[in-house]
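Residue-level structure breakdown
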Amino acid sequence: MPAPKLLPLAYLLVSAAAATATPPNVIIYLADDMGMGDSSAYQDWSGNSDATQIHTPNMERLAASGVRFTDAHSPSSRCTATRYALLTGRYPWRTHLKQWVLFGVQCDPLIEGERVTLPELLQTNGYRTGMVGKWHLGLTYTRSDGKPAEGWRDADLSKPVFDGPANHGFGYFYGISRSHPTSGPHGQQRNTPDQAIGPGWIRGSKISGATGKGKQLDGSYVLHEIGPVLHTAAFEFLNAVSGKPFFLYFASPANHAPHTPCKAISGRAVAGASRFKNGEPTGSKRLDFVYENDVQLGLILDWLDATEDPRRPGKKLADNTLVVFASDNGAESRAKSATGPLRSNKGSAYDGGHRIPFMARWPAGGVSGGRTVERLLGLNDLFATIAEASAVALPEDAAEDSISALAALREPDADARPPLFPNDHKEAIAGKRQGGADKRERAWIAVRSNATPVAGKWKLFLDHRFAYRGELHPKELYELGADPHESDNRLDDPKAKPALDFLLEQARAAGGDSGRTRPEASGEED
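Below is a short write-up of the structure. Because the structure is a prediction, the values reported are computed rather than measured.

**A short note on the overall build of the chain**
Along its length, the chain carries 13 helices and 16 strands. On C-alpha atoms alone, the chain measures out to a radius of gyration of 22 Å, which is about the 24 Å that the 2.2 N^0.38 rule sets for 526 residues. With respect to the principal axes defined by its C-alpha atoms, the chain has extents near 65 × 65 × 55 Å. Long-range pairs, those at least 24 residues apart, make up 71% of the contacts in the chain with a sequence separation of at least 6. For the chain, the accessible area works out to roughly 19600 Å², and carbon and sulfur atoms hold 51% of it. Both charge centroids of the chain, one from 60 positive and one from 62 negative side chains, sit 4 Å from each other.

In structure tokens form, the structure reads like this:
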């Protein structure tokens, strides 16, 4: 196993504020491939009719009791990269994975061994940390002699995973290696001693289904049973509630294709149970799988509402728990009912690929009231936001691109966020596939700001040379306030030049694998 990381002493100590206050519990529920139109909490934004809008009552419940962002973004239009940024607070295009995802049964871990993650920071400051669901950040397996495996072929599945979630801050883990159809054989299908699909269920660092017969598993990994298994695992962690605050990262595989909704979770029907707002059945496996997220969320909210807080006698856990619901990227579906007025979908740097549902609630922390927030937010901001909410200092060499959104969660007039830099653009190689396009060209980056010298919501596209070499080659420029579909390219519009110049300067300052967008501390001492 890799040696545990040693954090500087300053970051191992809870701040004075955290010692006197009661740090919040934190739950991040991350859906997979879910567009804003996939939640009825955004029906007014998407424009869906009652006959086309899936009803997600628990997402509505969360938004009505907390806050809802309409300009929140995943740091990438694909899942691996977003998950990296969420846990590290760093843009994924600063890593070697500048486009696409980790692909294959064995991928080396994307999170660098020395990098401090959000769960590690919380764990060293007194939190119980747990994760259930989809990891998709790479694993290193272990050989029979206990040394790290080079890949899948020399992996001994009876040995603990050499590098996985447990090595990056999660004291509890029950989940899967990557997207659910490729994390293991479905039951006994293709479940042979030489299968090369995946390890199935992982608990902590143990591959639960290992049989000792090569790569053959015990058949317990069944696609349409994943939802109930994750529910059980999440509540195993939650029910161990104690005098410590907890952090739970629930990374749901729903609704990534193939759409495999379960029959029911804890007695609540899922398959065949999704309804449109007009009450009619959707008749859609995909929407049933979206609805599975709503059921999971509802069960968590119910538990928080009903459970006493051992750290705050007379209070329920719901009051001092920051609950966040979001998606890892835009909708995989191209249906306008999923993407709303936005252009494109998953895999695109157009907004349909990375503008996502984002709802949060923390009554004791002032995150309540059913407000709608139009300020920019990125999932990479959760690192700094949760650190501030917990009164934990951020290491200077961590969370380089995480800007706390706590003020925006609490206040209607919070300052504008500095520019966001989401990336991965499938349209960059559209029409070139037959000619063998260089897939690295997908690594376009968007520079998004609501605070340029020209009023509006501006977005500049830079081609892949920015991600790979820090070079500025602008390709497209849009003002999303008037043009949410990104159809009027204003790159050559003289009236837009001040916005263009501003965005180019911001990109110039942010570029490079060793760059950062979070301001460094002043270095002044009290």
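**Some thoughts on the packing of helix 7 (residues 226–238) against helix 8 (residues 285–306)**
Packing of helix 7 against helix 8 brings their axes to within 11 Å, and their N-to-C directions diverge by 20 degrees. As the angle between them shows, helix 7 and helix 8 are arranged roughly parallel. Between helix 7 and helix 8 lies a crossing of right-handed hand. Between helix 7, through G227, H231, F235 and L238, and helix 8, the contact on the second element is made entirely by E292, Q296, L299, I300 and W303. In terms of residue class, the contact of helix 7 with helix 8 is made up of five nonpolar, three polar and one charged.

**A closer look at empty space enclosed by the protein**
As enumerated under the stated definition, the model contains three cavities of 30 Å³ or more in all. Here the largest cavity defines a volume of roughly 80 Å³. Tallied by class, the residues present in the lining of the largest cavity amount to five nonpolar, five polar and one charged.

**Topic: the pattern of salt bridges**
Enumeration over the complete set of coordinates arrives at 34 salt bridges. Between K346 and D33 there is a salt bridge whose closest N-O contact spans 3.0 Å. Separated by 313 residues along the polypeptide, K346 in the loop between helix 9 (336–339) and strand 11 (355–361) and D33 in the loop between strand 1 (25–31) and helix 3 (43–46) bring together distant segments of the chain. The residues K346 and D33 share a single accessibility class, namely buried. The closest approach of N and O atoms between E112 and R90, which form a salt bridge, is 3.0 Å. Here E112, found in the loop between helix 5 (79–88) and helix 6 (118–123), pairs with R90, found in the loop between helix 5 and helix 6; they are 22 residues apart in sequence, far enough to count as distant. The class of E112 is partly exposed, set by a relative accessible area of 21%.

Basis of the calculations
- Residues numbered from 1 in each chain as written.
- Predicted model: local features only at pLDDT ≥ 70, side-chain atom pairs only at ≥ 80, totals over all residues.
- Heavy atoms only, no water.
- Helix = DSSP H or I, 4+ residues; strand = E, 2+ residues; numbered from the N terminus.
- Rg over C-alpha atoms; globule rule 2.2 N^0.38 Å.
- Contact = heavy atoms within 4.5 Å.
- Areas by Shrake-Rupley, 256 points an atom, 1.4 Å probe, with all protein chains shown as cover.
- Lys, Arg positive; Asp, Glu negative; His and termini not counted.
- Charge placed at Lys NZ, Arg CZ, Asp CG, Glu CD.
- Axes fitted to C-alpha atoms, helices over the stretch in contact; angles between N-to-C directions.
- Parallel < 35°, antiparallel > 145°, perpendicular 65-115°, else oblique.
- Left-handed = near helix turned anticlockwise from the far one by under 90°.
- Nonpolar A, V, L, I, M, F, W, Y, C, P; charged D, E, K, R; others polar.
- 1 Å grid on protein atoms, 1.4 Å probe; cavity = no way out; pocket = protein on both sides within 12 Å on 5 of 7 lines; lining within 4 Å.
- Points joined across faces, edges and corners; volume = space filled by probe spheres on them.
- Salt bridge = Lys/Arg side-chain N within 4 Å of Asp/Glu carboxyl O.
- Buried < 20%, exposed > 50% of the residue type's maximum accessible area, 1.4 Å probe, protein only.

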